[in-house]
Amino acid sequence: MSNYIFELSNKVTRKSVSYNNRFGIKIAADLYLPKDFDETKKHAAVIIGAPYGGVKEQGSGIYAQNMTERGFVALAFDPSYNGYSRGEPRHLSSPDLFVEDFSAAVDYVGTRPFVDRNQIGAIGMCGSGGFAISAAQIDRRIKAIATVSMYDMSRVQANGFKDSLTKEDRNRILDEIAEQRYAEFEGNEPALTPRGAPIGFDDNTDPIGREFGEFYSTPRGYHPNSITQFTVTSSMSFMNFPLLTYIKSISPRPILFIIGEYAHSRYFSEDAYKLAIEPKELFIVPNAGHVDLYDKTDVIPFDKLEAFFTENLK
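Residues numbered from 1 in each chain as written. Predicted model: local features only at pLDDT ≥ 70, side-chain atom pairs only at ≥ 80, totals over all residues. Heavy atoms only, no water.

Student: Help me understand the pattern of salt bridges, please; the structure alone is not making it clear to me.
Tutor: Opposite charge on two side chains lets them pair, provided their charged atoms get close. Summed over the entire model, instances satisfying the criterion amount to 19 salt bridges. With a shortest N-O distance of 2.8 Å, K56 and D78 are connected by a salt bridge. Of this pair, K56 sits in the loop between β3 (43-49) and α1 (59-69) while D78 sits in the loop between β4 (73-77) and α2 (95-110), and the two are 22 residues apart along the sequence. In this structure, K56 and D78 share a single accessibility class: buried. Ionic pairing is found between R155 and D271, a salt bridge with its closest N-O pair at 2.9 Å. Taken together, the positions of R155 in helix α4 (residues 153-159) and D271 in helix α8 (residues 266-275) put the pair 116 residues apart, joining distant regions of the chain. On the basis of relative accessible area, D271 is assigned to the partly exposed category, the value being 24%. Here the residues in one salt-bridge network are R22, D96 and E100, joined through shared partners. (Salt bridge = Lys/Arg side-chain N within 4 Å of Asp/Glu carboxyl O. Helix = DSSP H or I, 4+ residues; strand = E, 2+ residues; numbered from the N terminus. Buried < 20%, exposed > 50% of the residue type's maximum accessible area, 1.4 Å probe, protein only.)

Student: Before we go on, may I ask you to explain the side chain of E211 in this structure?
Tutor: Positionally, E211 belongs in helix α6 (residues 207-216). For E211, which is buried and forms no salt bridge, the nearest opposite charge comes from R220, at a distance of 7.0 Å. Beyond its immediate chain neighbours, meaning those up to four positions away, E211 contacts H264, G289, H290, V291 and D292. (Lys, Arg positive; Asp, Glu negative; His and termini not counted. Contact = heavy atoms within 4.5 Å.)

Student: When you look at the confidence of the model for the chain in this model, what are you seeing that I'm missing?
Tutor: When pLDDT is low, close inspection of the predicted coordinates is not appropriate. Averaged over every residue, the pLDDT of the chain is 97; the share at 70 or more is 99%. Highest mean pLDDT in the chain belongs to β4 (99); lowest belongs to α6 (94). (pLDDT = per-residue confidence, 0-100.)

Student: Got a minute to help me understand the packing of aromatic side chains in this structure?
Tutor: Geometrically, a pair of aromatic rings is defined through the distance of the ring centres and the angle of the planes. Applying the stated criterion to the full structure yields 22 aromatic pairs. Ring centres 5.0 Å apart and planes at 75° place the aromatic pair F308 and F309 in the edge-to-face group. The structure contains a cluster of three or more aromatic residues connected by ring pairs, namely Y52, F98, F131, F230 and F238. The ring centre of Y4 lies 3.5 Å from the NZ or CZ of R14, which sits over that ring. The ring centre of Y273 lies 4.4 Å from the NZ or CZ of K280, which sits over that ring. (Phe/Tyr/Trp six-rings, centres within 6.5 Å; stacked < 30°, edge-to-face > 60°. Lys NZ or Arg CZ within 6 Å of the ring centre and 35° of its normal.)

Student: I keep staring at the sheet that holds strand β8 (residues 280-285) and nothing clicks. Help me out?
Tutor: Adjacent strands of a sheet pair through backbone hydrogen bonds, lying either parallel or antiparallel. An order of β1-β2-β4-β3-β5-β6-β7-β8 is seen for the 8 strands of this open sheet, with the pairing classed as mixed. On the outer flanks of this sheet lie β1 (12-20) and β8, each paired with one strand and no other. Averaged over all pairs of adjacent strands, the angle between their axes in this sheet comes to 20°, without regard to strand direction. Bridge count for β3 against β4 is 5 bridges, and the pairing is parallel. Considered in β4, the bridge of I48 is made with A76. (Pairing = 2+ DSSP bridges. Axes fitted to C-alpha atoms, helices over the stretch in contact; angles between N-to-C directions.)

Student: Looking at this model, I keep getting lost on the environment of Y32. Mind explaining?
Tutor: Along the polypeptide, Y32 turns up in strand β2 (residues 26-34). Sequence-wise, Y32 and T297 are 265 residues apart; in three dimensions their C-alpha atoms are separated by 17 Å.

Student: For this particular structure, what's the right way to read the nonpolar core?
Tutor: Where a protein is soluble and globular, its nonpolar side chains tend to be buried together. Counting 88 residues, the largest nonpolar core has Y19, Y63, L75, I123, F131, L305 and F309 as the members making the most contacts within it. Sorting elements by how many residues they give to this core places α2 first, with 9 residues. The contacts of L75, once residues within four sequence positions are left out, are V17, Y19, A29, D30, L31, V46, I47, I48, A105, Y108 and V109. (Core = buried A, V, L, I, M, F, W, Y, C linked by side-chain atoms within 4.5 Å.)

Student: Would you mind going over the pairing of β1 with me for this structure?
Tutor: Where β1 lies against β2, 9 bridges are found, and the strand directions are antiparallel. Within β2, the residue paired with R14 across the bridge is Y32. Where β1 hands over to β2, the hairpin turn is made up of 5 residues, of which G24 adopts a positive phi near 80°.

Student: Help me understand the side chain of H290 in this model?
Tutor: Within the secondary structure, H290 sits in the loop between β8 and α9 (292-295). Under the relative-accessibility criterion, H290 is labelled buried at 0%. The contact partners of H290, leaving out residues within four places of it in the chain, are C126, S149, Y151, E211, F212, A263, H264 and S265.

This is the structure in structure tokens:
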């Protein structure tokens, strides 16, 4: 397992691990530990979920490494059916599965003898922000949650970007998916959503597409396991099952929403912040966009994350 988009710090060790989630799917993950780690003591742990379409060798690994440099045990994982995690057909996605992957990560780190089960937090990047919140709604072992450039994948697939889908649009999409189900049932290969990485982009590419392309399709962020596509039929589940229904139930556990000042996705964090109840915080990173917070370590507010988890995992 290689092709990491970042250099391994000389302050941490990284170990490839695997474990099963409750669906019996083997999850591939990287466990990060400080170099001077004392395994005889109990430590706080942070679980990091990758952006929707991303893998642990990209942004979530960068977050895991940086949190470990600050003294935390950290785990970055590949979602079910994606990356080096198992599951067929490949590139399937599902709100229930991707939420479960966070709880399975808690199962794993919470059974390590050097982790305090009462000091486990989660960071969700992009789509994983919604999955981390949804997991915390029903998994009270997650004691503190931070989202970074959050996307609510159920909302965006059910309603479109900035809730722009009409009833007719939605029905057309569902009809197309239904036809695709027939095709796959009769033996056709699962169809994938368009615009996979690497993809070409230029000055005429729409700004959001260009922002993602500049990460996923260039040496900056490209990884062969991160094709940024999912099976077309996966959208049905997201269009039917909201992720944040019980966000109020997370209180009194804290939620930190981190978003770039100029992020196209900013409204997801702002609306989720309004739905949540205290303790909660919305932290705006000046002059940052959505993807800037995937990998730009000089922009990502790691001091804020360190303070948040130090205060709330104790």
